[in-house]
Amino acid sequence: MAHVPYEQRWAAARKRFEAATAKHRPKDAKAVAAALNGDAALVKTLKAGDAVHRAGTVGDEAAKDLAAAGKDAVKARKAYLAALDKALDEDTAGRGDKAAAAACERAMKALAKDLAELEADIGADADRFKAQAAQAEKDAASSERAQKRWEANINGALARAAAGVAKVRAKPTPDTYNELFPALARDLATQLAAAKALDGLRADPDFYRRKLAPWAGQGGDGPPMRVPPDYTARQITDLIKEFATVCKGVVQLVGGR
């Protein structure tokens, strides 16, 4: 919901008060006019609160500034209402106008209520900014934990891939190769899919996930996911070399964080 300026809300409340008491306030009542126009301190505090919203910042600093404006508003409101109430009481008592006194009393109560609601909203806004700051800090901590978990998982998958590559190179047979794939590639692909939620990666993890698809894909059982029994050592070595090249790219992706 868009912020309705505090100063604007005060101007509307004052206008309602003036309308409610206009016919009960003599035009020559200078003390009443002076008290009514003595809201400079109050307006100043409300402008300070509005400035926090205009700055577009949130967090502890904004909450602190808004809370300070609200505290100043309370002091200014007390002084303002006390002076206005006194001036009205003295005016209506001096004229002996009981009807005017009753009307002004009702208007003062309404004005005090408007200001109380305004102060409550300033306090609520300050609390909201503070809560947002706390949530942001919590989210940042959670994100950091998630990134650390992912780094551990992807590094584990890379270590298993490196061990698998070494095993196939040492014994490039169909049985050795098929023992590792497609599980080895799918392990890496799963971690790359999880990386989409992280920040600070050097490249798009989907780029490497697509490169791994031939080894990890769900469609068919042919090379390079699995190889037939008559595949030669040279053919298997070529496949594992391509896979190792993709893994090197993933290592750079992780190392670029």
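Residues numbered from 1 in each chain as written. Predicted model: local features only at pLDDT ≥ 70, side-chain atom pairs only at ≥ 80, totals over all residues. Heavy atoms only, no water.

Details of the overall build of the protein
What counts, and what does not: Helix numbering and strand numbering both begin at the N terminus, where a helix is a DSSP run of H or I of at least 4 residues and a strand a DSSP run of E of at least 2. Taken over C-alpha atoms, the radius of gyration is set against a globule rule of 2.2 Å times the number of residues to the power 0.38. Between buried and exposed lies partly exposed: a residue is buried under 20% and exposed over 50% of the maximum accessible area for its type, with that area taken using a 1.4 Å probe on protein chains only. Note on areas: Shrake-Rupley, 1.4 Å probe, and residue coverage restricted to the protein chains presented here. Positive charge is attributed to Lys and Arg, negative charge to Asp and Glu, and no charge count is given to His or to the chain ends. We put the charge of a Lys on NZ, of an Arg on CZ, of an Asp on CG and of a Glu on CD.
Scanning the protein from N- to C-terminus turns up nine helices and zero strands. For the protein, the succession of helices and strands along the chain, N to C, is α-α-α-α-α-α-α-α-α. The C-alpha atoms of the protein give 36 Å as radius of gyration, which overshoots the globular expectation for 257 residues (18 Å, by more than 25%). Across its three principal directions, the C-alpha atoms of the protein cover 115 × 30 × 20 Å. Counting every position in the protein, which comprises 257 residues, the buried fraction comes to 38%. As presented, the protein carries roughly 14800 Å² of accessible surface, and 54% of it is formed by carbon and sulfur atoms. Separation between the mean location of the 43 positive side-chain charges and that of the 35 negative ones in the protein comes to 2 Å.

Concerning the side chain of Arg77
This is how it is decided: Any pair of nitrogen or oxygen atoms within 3.5 Å is treated as a polar contact; in protein, a donor-acceptor pairing is required on top of that, and neighbouring residues in sequence qualify only through side-chain atoms on both sides.
On the secondary structure map, Arg77 appears in helix H4 (residues 60-95). At a separation of 2.7 Å, a polar atom in the side chain of Arg77 contacts the side chain of Glu119.

Quick word on the packing of helix H1 (residues 6-21) against helix H3 (residues 40-55)
Basically, it comes down to this: Helix axes use the C-alpha atoms of the stretch in contact, all axes being lines fitted to C-alpha atoms, and the angles between their N-to-C directions lie in the range 0 to 180 degrees. Note on contacts: a residue pair qualifies if any of its non-hydrogen atoms lie within 4.5 Å across the two residues.
Here H1 crosses H3 at 145 degrees, and the two axes come no closer than 7 Å. Counting all contacts with H1, which are made through Tyr6, Glu7 and Trp10, the residues of H3 involved are Leu42, Val43, Leu46, Lys47, Gly49, Asp50 and His53.

Regarding the UniProt feature "coiled-coil region" (unreviewed entry) in the protein
Stated formally: UniProt positions are given in the numbering used here, feature names are shortened, and annotations may be inferred rather than shown by experiment.
Within this numbering scheme, the UniProt entry marks residues 101-153 as carrying the feature "coiled-coil region" (unreviewed entry). Each end of residues 101-153 is marked by a C-alpha atom, and these two atoms are 77 Å apart; helix forms 100% of the span and strand 0%.

What to know about the environment of Asp85
Turning to its location among the elements, Asp85 is positioned in helix H4. The exposure class assigned to Asp85 is partly exposed, which follows from its relative accessible area of 33%.

Looking at the nonpolar core
Heads up, the condition is: Nonpolar core, defined: a set of buried Ala, Val, Leu, Ile, Met, Phe, Trp, Tyr and Cys residues in which side-chain atoms within 4.5 Å join the residues together.
Ile154, Tyr177, Phe181, Leu188, Phe243 and Val250 are the most contacted members of the largest nonpolar core, which has 32 residues in total. Where this core is concerned, the elements lending two or more residues are helix H5 (98-170), helix H6 (174-180), helix H7 (183-194), helix H8 (205-216) and helix H9 (233-255). Apart from residues no more than four positions distant in its own chain, Phe243 is found in contact with Ala161, Val165, Phe181, Leu184, Ala185, Leu188, Leu212 and Trp215. Core analysis: the next-biggest nonpolar cluster, separate from the first, contains 30 residues, Trp10, Leu36, Val43 and Ala126 among them.

Section: the domain arrangement of the protein
Going by this rule: The domain limits used here are those given by an automatic or database domain assignment.
Entries for the protein in the domain assignment read domain 1 (6-140) and domain 2 (171-254). Relative placement of domain 1 and domain 2: their C-alpha centres are 68 Å apart.

Regarding the environment of Glu90
Along the chain, Glu90 falls in helix H4. Among the residues examined, Glu90 registers a relative accessible area of 49% and is labelled partly exposed.

Quick look at a negative patch on the surface
For the record, the criterion: Within this analysis, patches are made of residues with over 30% relative accessible area and no salt bridge. Like charges are joined at 9 Å or less; nonpolar side chains (Val, Leu, Ile, Met, Phe, Trp, Tyr) at 5 Å or less. For this document, the term salt bridge refers to a Lys or Arg side-chain nitrogen within 4 Å of an Asp or Glu carboxyl oxygen.
Side chains of Asp60, Glu61, Asp65 and Glu137 sit close together on the surface and give a patch of like negative charge. No other element matches H4, which puts three residues into the negative patch. Mapped onto the secondary structure, Glu61 falls in helix H4. We classify Glu61 as exposed; its relative accessible area is 53%.

Considerations on the pattern of salt bridges
Overall, the coordinates contain 15 salt bridges when judged by the stated rule. Two residues, Asp39 and Arg14, come together in a salt bridge whose shortest N-O distance is 2.9 Å. Separated by 25 residues along the polypeptide, Asp39 in the loop between helix H2 (30-36) and H3 and Arg14 in helix H1 bring together distant segments of the chain. The same class applies to Asp39 as to Arg14, namely buried. Glu119 is the partner of Arg77 in a salt bridge, and the nearest nitrogen-oxygen pair spans 2.7 Å. Of the two residues, Arg77 sits in helix H4 while Glu119 sits in helix H5, which places them 42 residues apart along the sequence. Connected through shared salt-bridge partners, Arg14, Glu18 and Asp39 make up one network.

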